[in-house]
Amino acid sequence: MKKILITGAAGFLGSNLCKKLINDNYLICLDNFYTGSKENIKPFLNNSNFKFIKHDIITPIDIECDEIYNLACPASPIHYQKDPIYTLNCSIKGVENMLHLANKYNAKILQASTSEVYGNPLIHPQEEEYFGNVNPVGIRSCYDEGKRVAETMLFDNHRTKKTKIKIARIFNTYGLNMQKDDGRVISNFITQALLNKDITVYGDGSQTRSFCYCEDLIDGLIKLMNAPDSLNTPVNLGCDGEYTILDLAKIIIKKTNSKSKIIFKNLPSDDPVKRKPNLKKAKTFLNWQPITPLDIGLDYTINWFRRIIL
Ligand code: UDP
């Protein structure tokens, strides 16, 4: 059985990854509950394939393992902007600590990177060769630049120490185990709609995003981890159906039969205008593409939120 280290295991993606891997692998899971929740890991606590250690990856730790999924980092804008220096350190000190383990135990490391490395992109859709348009001193840069440094650290370790690396550039993802107050658009809109509160569209709502259902994304991460060692270029994982935020608000109001009305609030600075992944690499090298249409994924997510907030 493989020994797999998962950081950020109590988070949204981490807990969904545990669910998928736990039957066939031994999981050593870390989280400091900065944004993750105990609820998310409750189903695994009595499973003999699951070991949990409350730990912040900024502090070194020694764990023998075959694979590392490094997902630990606050990921929603309100969370990662709350303590920007902490966010930077997750991507710098945290990644350094995980690379140390990868090198010590010759383990493969998959780094959760992000579409934010493209910043406010000037090309559309975004392909992995694009170097991005990131404001290095803006309010998003603690996350964007942190993740860019993380990618650099993986590559430099690969070049100098032959570390086995995988880099997933994760685009907007939604689904079960999101925090209802994490501030991201889908969790905000669904919570607001179910409670018949105003739906807060930032700006005029013409900015676009492409939303991937969490189970699809997790399948992509696992395929990337299991791809041949020679595949170490960053790979976009996400969905390429593109929606304006205003349209998303209308879809969610309709699906929830909500009485909410849409209100417009200030657009946060450096909010990307357009975002959609070019998925050619994932399709070609991983034989992966998302299969859950937004319509269906939203139904699953709305039902889940209904259970936890109503
Ligand atoms: N957004 C919004 N209302 C909200 C939350 C987010 O209009 O209540 C917008 C946000 O400004 C951005 C998009 O929705 O343009 C996606 O935001 P999110 O925080 O989910 O992810 P991002 O892609 O910005 O990291």
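Residues numbered from 1 in each chain as written. Predicted model: local features only at pLDDT ≥ 70, side-chain atom pairs only at ≥ 80, totals over all residues. Heavy atoms only, no water.

Visitor: Run through the environment of Lys 104, naming residues and quoting values.
Guide: Note that Lys 104 resides in helix α4 (residues 84–105). A relative accessible area of 45% places Lys 104 in the partly exposed class. When the C-alpha atoms of Lys 104 and Phe 33 are compared, they prove to be 27 Å apart, with 71 residues separating the residues in sequence. A polar atom in the side chain of Lys 104 sits 2.8 Å from the side chain of Asp 62. (Helix = DSSP H or I, 4+ residues; strand = E, 2+ residues; numbered from the N terminus. Buried < 20%, exposed > 50% of the residue type's maximum accessible area, 1.4 Å probe, protein only. Polar contact = N/O pair within 3.5 Å; in protein donor to acceptor, adjacent residues only side chain to side chain.)

Visitor: Quick rundown of the site of the ligand? Include the residues and the values.
Guide: By nearness alone, 18 residues border the ligand, and Val 185, Thr 200, Tyr 202, Arg 209 and Asp 271 come closest of all. Note that an oxygen atom of the ligand is positioned 2.8 Å from one of the side-chain N or O atoms of Asn 188. Contact distances for the ligand include 2.5 Å between an oxygen atom and a side-chain N or O atom of Asp 271. With the chains in place, 95% of the 520 Å² that the ligand exposes on its own is no longer accessible. Its residues assigned to classes, the shell around the ligand comprises 7 nonpolar, 5 polar and 6 charged. (Near = heavy atom within 4 Å. Areas by Shrake-Rupley, 256 points an atom, 1.4 Å probe, with all protein chains shown as cover. Nonpolar A, V, L, I, M, F, W, Y, C, P; charged D, E, K, R; others polar.)

Visitor: Any chance you could break down the packing of aromatic side chains for me, citing the residues and the numbers?
Guide: Across all of its chains, the model carries 10 aromatic pairs by this definition. Feature note: the residues Phe 33, Phe 44, Phe 50 and Phe 52 constitute an aromatic cluster, connected by ring pairs. Of note, Lys 38 hangs over the ring of Phe 33, and the distance from its end group to the ring centre comes to 5.1 Å. One residue, Lys 82, lies across the ring of Tyr 34, its end atom 5.2 Å from the ring centre. (Phe/Tyr/Trp six-rings, centres within 6.5 Å; stacked < 30°, edge-to-face > 60°. Lys NZ or Arg CZ within 6 Å of the ring centre and 35° of its normal.)

Visitor: Residue-level account of the pairing of strand β6 (residues 165–170), with values.
Guide: Regular strands place side chains that alternate from one sheet face to the opposite one. Counting buried residues in β6 gives 6 out of 6 residues, a clear majority hidden from the surface. Burial along β6 is two-sided: the face carrying Ile 165, Ile 167 and Arg 169 and the face carrying Lys 166, Ala 168 and Ile 170 are both buried. Pairing of β6 with strand β11 (residues 235–237) involves 3 bridges; the strand directions are parallel. In the strand pairing of β11, Arg 169 is matched with Asn 236. (Pairing = 2+ DSSP bridges.)

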